[in-house]
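What follows is each chain in one-letter form.
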Amino acid sequence: PSMPRHSRPTAPWKSFLGIIALLVAVPLAAAPVRSTAGTAALRADFDLGAQWRVNSVARMMAGFAPLHPAHFELAQTEVWKSHSAAMQAAWQKLSGGRVAAMAAWRDAAVSPTCPVGKTLLYPFSGPDFFNAWWLFPDCETFVMFGLEHIGGPPNLEAMNPRQFARLLADVRAATGDFIDRNYFITENMARQLRTAQVRGVVPLVMISMAISGVDILRVVPLKLQPAARSANAGSRALRRQLKGVTIEFRAPGSPTVRRLQYFSADATDEGMARYPELLAYVRSLGPTTTFLKSASYLLHNREFSQLREALLDVSGFLVQDDSGLPYTILAARGWQVRLHGRYDVPIPPFERAFQSALATAYNEQRPDVLPFTFGYQYHDARDERSNVMVARGPARDTRRSIVDTGRGVV
């Protein structure tokens, strides 16, 4: 079931005050839950101490006061107090600007609920839970994947003062691009998510969950059932193991257990042949709400044809910037596309991905400026070139019958 309207995300600061009050007044184990047997069994398996610990780690990285007694002393150090001041100033600016504008736009232009189905499909996401949550807070399962490796929660108790200071500095470096631009830079993430203290997407997802006010329940490995492998797949492909993680969480005031599933995967046609279970899983999710943002225009290339076809087949509703699925393919297949913001030649090195048909459509629809930064079209806070497409797919029984002309695919 969808999250009740009254429990939709509010400003992160209000959410956090509510969470703190709840934790002080009522033990977490006594929080109300659904009366279904499946949910009760799942909740009984949770390690309460681990919940408090992982949420406390997430909060400390985000610059908020810890919840777990083992972290209280760390919060008294000058290095953490300095980190907290810097991060809270950034989040306050983010909350009052981008989040407020995004939430208002979402309710008016997208949907106050999960638009189609209960699953949000977010390819090439990296650790960007933040945008997925604030745009689609009523979805129950968030399926994300990218090249970035998984990692895990940092072990604060095992760190000496120098390592702890290094962790906090690495967190500020890893979140800097996102705070400024609302996207992660792939080249920078290659370094930032492989430091001695910040490893993989999990720490950054935890930070996004902390500032969004959700309660992390547990972080566990995720494995998919093996799928039949192509006869053309070589011996190297047979040895490739798909790695995934599930982060279970709950929104403030909601008993619904939600799930973020992240897979570390090469999404090219060649890469998908090495773990066909991922493509099979994507195809099993439909109809989905699909989200594409800052996707490096990968779906404009022929080597991503299998994933592109799978997304077109399973998606019932799509929110993306111009770096996602090519506009010409959406138009040719009967998608109804509403445009928002401004469209211009993509930033370097993506100039060749300029879509003349999309530019024509923008000239025809003449939409309003987007009230928040989104995608690659960013220079500074005054830049008004961000663009978003909100699209609804055709009836599922007609979608497969339209032949792909290849337009928009290079």
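To be clear, the structure that these remarks concern was listed above.
Keep in mind that this is a model prediction, so the values were computed, not measured. (Residues numbered from 1 in each chain as written. Predicted model: local features only at pLDDT ≥ 70, side-chain atom pairs only at ≥ 80, totals over all residues. Heavy atoms only, no water.)

Asks: What is the right way to read the pairing of strand β6 (residues 288–292) from this model?
Replies: The side chains of a regular strand alternate between the sheet's two faces. Extensive coverage of β6 is indicated by the burial of five of its five residues. Taken together, the two bridges between strand β1 (residues 119–123) and β6 define a ladder with parallel strand orientation. For leucine 120, the partnering residue across the bridge sits in β6 and is threonine 289. Sheet topology places β6 next to strand β7 (residues 315–320); five bridges connect them, and they run parallel. Each residue of the ladder has a partner; that of threonine 290, found in β7, is leucine 318. Once the chain exits β6 it traverses helix α12 (residues 305–314) before rejoining the sheet at β7, and the crossover so formed is right-handed. (Buried < 20%, exposed > 50% of the residue type's maximum accessible area, 1.4 Å probe, protein only. Helix = DSSP H or I, 4+ residues; strand = E, 2+ residues; numbered from the N terminus. Pairing = 2+ DSSP bridges. Right-handed = clockwise from strand over helix to strand, strands pointing away.)

Asks: What is the right way to look at the pattern of salt bridges in this model?
Replies: Close approach of charged atoms lets side chains of opposite charge pair. Within the structure shown, the criterion is met by 10 salt bridges. Between glutamate 157 and arginine 53 there is a salt bridge, with the nearest N and O atoms lying 1.5 Å from each other. Taken together, the residues span a long stretch of sequence, with glutamate 157 in the loop between β2 (141–146) and α6 (161–181) and arginine 53 in helix α3 (residues 48–62) at a distance of 104 residues. Between glutamate 270 and arginine 274 there is a salt bridge, with its nearest N and O atoms 3.0 Å apart. Within this pair, glutamate 270 and its partner arginine 274 are both found in helix α10 (residues 269–274), separated by four residues, close to a single helical turn. A cluster of three or more residues bridged by salt bridges with shared partners is formed by Arg218, Glu248 and Arg259. (Salt bridge = Lys/Arg side-chain N within 4 Å of Asp/Glu carboxyl O.)

Asks: What should I look at first to understand the packing of aromatic side chains in this one?
Replies: The geometry of an aromatic ring pair is captured by two quantities: the separation of the ring centres and the angle between the planes. Counted under the stated rule, the structure contains 18 aromatic pairs. Ring geometry for tryptophan 133 versus phenylalanine 142: centroids 6.1 Å apart, planes at 50°, classification tilted. For the pair tryptophan 133 and phenylalanine 142, a shared accessibility class is recorded, and that class is buried. Pairing phenylalanine 291 with phenylalanine 374 gives two aromatic rings, centres 6.1 Å apart and planes at 40°, and the pair type is tilted. Placement of phenylalanine 291 in strand β6 and of phenylalanine 374 in the loop between α14 (356–365) and β9 (387–392) is noted, with a sequence separation of 83 residues between them. An aromatic cluster is present here, built from Trp105, Tyr122, Phe136, Phe291, Phe372 and Phe374 joined pairwise through their rings. One Lys or Arg, lysine 293, reaches over the ring of phenylalanine 374 and ends 5.6 Å from the middle of that ring. (Phe/Tyr/Trp six-rings, centres within 6.5 Å; stacked < 30°, edge-to-face > 60°. Lys NZ or Arg CZ within 6 Å of the ring centre and 35° of its normal.)

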